[in-house]
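Residues per chain are reported as follows:
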Amino acid sequence: MSMIELQSVSKRYHLHHGRLLLAKQVATRLRREAAEFWALRNVNLRVEAGETVGLIGANGAGKSTLLNIVAGVTSATEGSVQVAGRVAALLELGSGFHPDLTGRENIHLNAALLGYSRRQTRQSIDSIIDFAGVAEFIDEPLRTYSSGMTARLGFAVAIHLQSEILILDEVLAVGDQAFQNQCIDKIHAFRRQGKTLLFASHAPGFVEDICQRVLWLESGRLRRDGPAREVLAAYSQSLAGVSVASV
Amino acid sequence: MRAATHDHLYVFSNLIAKDFKVRYRNMSLGIFWSLLNPLIMMIVLTYVFTKVFPPTIENFPLFVLIGLIPFNFFALAWATGTISILNNAALVKKVRFHREVIPISVVLGNVIHFAIQVLLLMVLVAVFGAGINRHWFWLPVVLGLEVIFVCGLALAFAAFDVYFRDTRYVVESANLLLFWMVPIFYSFEQIPEAYRLFYELNPVAAVVLACQKIFLQGASPPHSLLIKLALVSAGSLAAGLVIFGRLKKGIADYL
């Protein structure tokens with residue numbers, strides 16, 4: 001059964017050049033002159049249960065938009081999106097965290113928003129704190145945490161959710177080496193349970209370690225979709241080509 | 001397409017607790033601020049309308065407080081509800097959950113302060129006013145309907161505010177106007193006949209009038225008023241949910 005299925009998905013954003021005044025909005029709507037930007041164009045994708053899929057591509061290629069659509073925080077302008085099963089998405093580190101709340105309070109807040117029940121949170125809170133390695137500071141306000149500690153906490157909450165699909169957007173880069181290894185172990189464990197992972201990164205090494213399959217996005221289009229090694233090689237070749245051409 | 005698996009009670013309690021803690025954690029007087037504000041307003045209005053202008057209403061401080069507390073709740077809940085989605089932009093853009101919970105949790109957070117103020121009011125009425133009477137049972141009904149009414153407004157205006165950032169200022173101005181158009185420091189009887197219809201159509205005025213009836217006259221609010229208030233509140237909530245539901249699809253893209 002496919003866990004994620006996108007059929008000719010496109011996503012359009014309106015560029016409003018900072019103009020959000022009512023009069024201007026009405027005017028541009030009436031004249032249909034709003035500038036558009038297509039973040040995704042006609043993307044077809046099918047991800048089966050248990051696959052680990054990496055997303056690569058330059059800034060602005062549409063990786064985050066694609067993940068946002070699969071995670072359900074934004075909707076596709078065209079095409080159909082089907083996601084089977086429960087999704088845990090970590091689209092940005094510390095989203096949903098409040099600096100004035102303590103680490104523990106933030107775990108509860110974040111867990112509730114991600115879809116944990118009160119009972120589930122109580123059951124996993126100790127292992128979340130343990131995984132994040134912030135036990136000493138757990139009752140201190142989050143603003144006293146380093147960005148690495150915040151990252152650990154955010155990742156720990158998302159990975160402990162009993163979800164079938166895990167979505168990660170550029171979130172592993174902040175932690176130290178030990179934490180990155182810890183995350184990779186956890187992701188492998190996640191995969192062994194037959195769960196699905198969708199993962200965007202600028203670090204080819206990470207992608208190769210974690211993913212069997214890689215999608216290469218370029219200017220909102222799916223340029224290549226295939227085995228990790230192959231797509232990564234083609235991608236780095238094209239990057240080398242660009243830098244040679246520009247010299 | 002995706003099952004909604006959220007434990008809504010847990011989500012609400014966390015969001016409300018967040019607002020509450022963030023607001024008061026660094027304040028030494030904490031929750032007392034929510035009692036101080038209406039009392040200060042009461043003192044100022046009492047001074048103006050019994051010392052500067054000739055007094056027309058007996059037990060004026062209590063009369064004013066009975067109007068101020070439901071009005072303050074309405075104005076604050078509407079204004080903070082309106083900006084709630086924008087204030088939680090980071091959350092809305094990056095975490096998937098029913099976005100309706102944000103404006104509603106902000107209104108419910110204001111209910112905590114409201115409840116504390118109403119308790120204070122009950123004590124004051126019991127000691128200095130008409131005392132306790134059985135019509136107090138109507139209070140939860142009337143105030144509950146007010147909460148439902150504001151929830152509807154907060155939902156609709158929170159969604160508007162994302163698309164038109166001017167919305168918050170419209171709400172501020174409306175609240176300013178409303179303060180004078182609700183019988184807080186004058187009584188319904190003083191209003192010329194020709195303008196009374198306007199007050200009868202205004203749900204906030206209806207709530208204040210009902211509270212005055214219950215607290216000062218020890219009588220139940222007129223049934224026609226209760227029915228109108230119930231209809232308007234239900235209509236407001238339904239309209240708020242529909243408007244929010246239609247606008248929420250694009251909210252994350254406009255934040």
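So, here's what we can say about the structure. Values in this document were obtained by computation on a predicted structure and should not be read as measured data.

With that settled, the discussion passes to the sheet that holds strand 9 (residues 221–227) of chain A. Residues and elements named next belong to chain A. In spatial order, the strands read 5-6-7-3-8-9; together these six strands make up an open sheet with mixed pairing. Looking at which strands have only one partner, the edges of the open sheet turn out to be strand 5 (87–90) and strand 9. Across the sheet, the axes of successive neighbouring strands diverge by a mean angle of 15°, strand direction being ignored. Sheet topology places strand 8 (residues 213–218) next to strand 9; six bridges connect them, and they run antiparallel. Opposite Val-214, over in strand 9, you have Gly-226 as the bridge partner. Its contacts with the sheet put helix 5 (residues 147–160) on strand 5 and strand 6 (165–169), and the angle it makes with strand 5 is roughly 170°.

Bringing the interface of chain B and chain A into the picture now. Counting residues at the interface gives 33 residues for chain B and 43 residues for chain A. With both sides pooled, the region where chain B packs onto chain A buries about 3200 Å², and carbon together with sulfur makes up 55% of that total. Scanning the region where chain B abuts chain A turns up two salt bridges. Between Lys11(A) and Asp253(B) there is a salt bridge, with its nearest N and O atoms 2.5 Å apart. Sort the elements by how many residues they give to the side of chain B that touches chain A and helix 1 (residues 8–24) of chain B lands first, with nine residues.

Now for the environment of Ser187(B). All names here are of chain B. Tracing the backbone through its elements, the reader meets Ser-187 in the loop between helix 8 (167–181) and helix 9 (196–201). Judged by relative accessible area, Ser-187 falls into the buried class, the value being 12%. As a C-alpha pair, Ser-187 and Gly-218 span 31 residues in sequence and 16 Å in three-dimensional space. Setting aside anything within four residues of it in sequence, one finds Ser-187 in contact with Ile-57 and Phe-63.

Attention now moves to helix 2 (residues 63–71) of chain A. Most of helix 2 of chain A sits inside the fold, with eight of its nine residues counted as buried. Every buried residue belonging to helix 2 of chain A is among Lys63(A), Thr65(A), Leu66(A), Leu67(A), Asn68(A), Ile69(A), Val70(A) and Ala71(A), and all of these are buried.

This model, assessed by the stated rule, comprises 23 aromatic pairs over all chains. The interplanar angle of 85° and the centroid separation of 6.4 Å between the aromatic rings of Phe199(A) and Phe206(A) together place this pair among those described as edge-to-face. For Phe206(A), a relative accessible area of 11% corresponds to the buried category. What links up through ring pairs into an aromatic cluster is the set Phe49(B), Phe53(B), Phe60(B), Phe63(B), Phe71(B), Phe179(B), Trp180(B), Phe185(B), Tyr186(B), Phe198(B) and Tyr199(B). Lying over the aromatic face of Tyr13(A), Lys11(A) brings its terminal NZ or CZ to 5.1 Å of the ring centre. The ring of Phe188(B) is capped by Arg196(B), whose NZ or CZ atom sits 5.0 Å from the centre of that ring.

Criteria and cut-off values
Residues numbered from 1 in each chain as written. Chains lettered and ligands numbered in written order. Predicted model: local features only at pLDDT ≥ 70, side-chain atom pairs only at ≥ 80, totals over all residues. Heavy atoms only, no water. Pairing = 2+ DSSP bridges. Helix = DSSP H or I, 4+ residues; strand = E, 2+ residues; numbered from the N terminus. Axes fitted to C-alpha atoms, helices over the stretch in contact; angles between N-to-C directions. Contact = heavy atoms within 4.5 Å. Buried area = accessible area lost by both parts, 1.4 Å probe. Salt bridge = Lys/Arg side-chain N within 4 Å of Asp/Glu carboxyl O. Buried < 20%, exposed > 50% of the residue type's maximum accessible area, 1.4 Å probe, protein only. Phe/Tyr/Trp six-rings, centres within 6.5 Å; stacked < 30°, edge-to-face > 60°. Lys NZ or Arg CZ within 6 Å of the ring centre and 35° of its normal.

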